[in-house]
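# Fold and contact review
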Amino acid sequence: AWRSPVASGVPFLDAPGGAYLFDVSTQTQLAKFDLPSPIPHKQEVVGVTLGEHRAYIGTITDTLPGYRPLVRLFDITAPTAPTLITTIVPSDADFDDDFGRAMVTDGDTTLIAAPADEIDGEFSGSVYIFDTATGAELGKFSPADAETSDQFGFSLDLDASLAIVGARWEGERGHRAGAAYLFDVTDPASPVQTAKLLGSSLEADDMFGFSVAIDGPLAIVGAIFDDDNGHDGPSRCR
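First, a word on scope: everything that follows refers to the structure included in this document.

Criteria and thresholds
Starting from 1, residues in each chain are numbered consecutively following that chain's sequence as written. Owing to the predicted nature of the model, reporting of local features is limited to residues with pLDDT of at least 70; listing and counting of side-chain atom pairs is limited to 80 or more, with chain, interface and lining totals taken over all residues. Each side-chain value is worked out from all heavy atoms of the structure, with water and hydrogens disregarded. Any residue under 20% of the maximum accessible area for its type is buried, any over 50% is exposed, and the rest in between are partly exposed; the area is computed with a 1.4 Å probe on protein chains only. The helix count covers DSSP runs of H or I at least four residues long, the strand count covers runs of E at least two residues long, and both are numbered beginning at the N terminus. Strands are treated as partners if at least two bridges between them are detected by DSSP.

Glancing now at the pairing of strand 8 (residues 109-114). With six of six residues buried, strand 8 lies mostly within the body of the structure. Bridge analysis of strand 7 (residues 103-106) against strand 8 gives four bridges, and the strand direction is antiparallel. The residue bridging Met-103 from the neighbouring strand is Ile-112, located in strand 8. What sits between strand 7 and strand 8 in their antiparallel hairpin is a turn of two residues, with Gly-107 showing a positive phi close to 65°. Across six bridges, the pairing between strand 8 and strand 9 (residues 126-131) is antiparallel. Bridge pairing in strand 9 links Thr-109 to Asp-131.

Have a look at this one:
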């Protein structure tokens, strides 16, 4: 079976994928989103994020020899009856760019990553900025030192106007050692890179930036294969 170049190695299953909406106070399922597959039984749901009265759901569809990513934006003002507002495809979209695999919303801003985008070389990666309410594309950014195979956007988080973005295969400290970047997205049309984060003991294949989070003055970055306390061993995620 054909496999996504940046997925975990799991081939498409014979199912269209799904997403569910819950009330966290009662744990009640309120709705299941209507996500018709452009090609029956060849779709995966790969990313979700929530904003005020809005839900974003990212999917990729197997269209051999490549795959088509897109994000659906729903109005969830009536949470038991989500309504599709629009389908989001970036202005410069391409097959196989993994658009929608990582997403985050904070207030009026929604970030959607495309970690296999080729803006700075194959699998270099990028992040798009959207208006949460309308899904309008507002901007796009990638790091100043972006290179082939960085996978910038494999993970991301947002706190107010400060975004943190993981690039799990960035190579400054060694092959696939990884990195994370901070961007000020106050002006979506002109995001500003404010820092590049590297762990003090980073080595090749640590994949620093596999996961990230930010809140106020603190950020945390995961390095899935850091082996300071033992050998990382084989993994399907490489």
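Back to the write-up after that little detour.
At Ser-149, a residue that is not glycine, the phi angle is positive and equals roughly 70°. Inspection of the secondary structure assignment puts Ser-149 in the loop between strand 10 (137-141) and strand 11 (152-159). A positive phi angle, near 55°, is found at Met-207, a position not held by glycine. With respect to the helices and strands, the residue Met-207 is situated in the loop between strand 14 (192-197) and strand 15 (208-215). Judged by relative accessible area, Met-207 falls into the buried class, the value being 0%.

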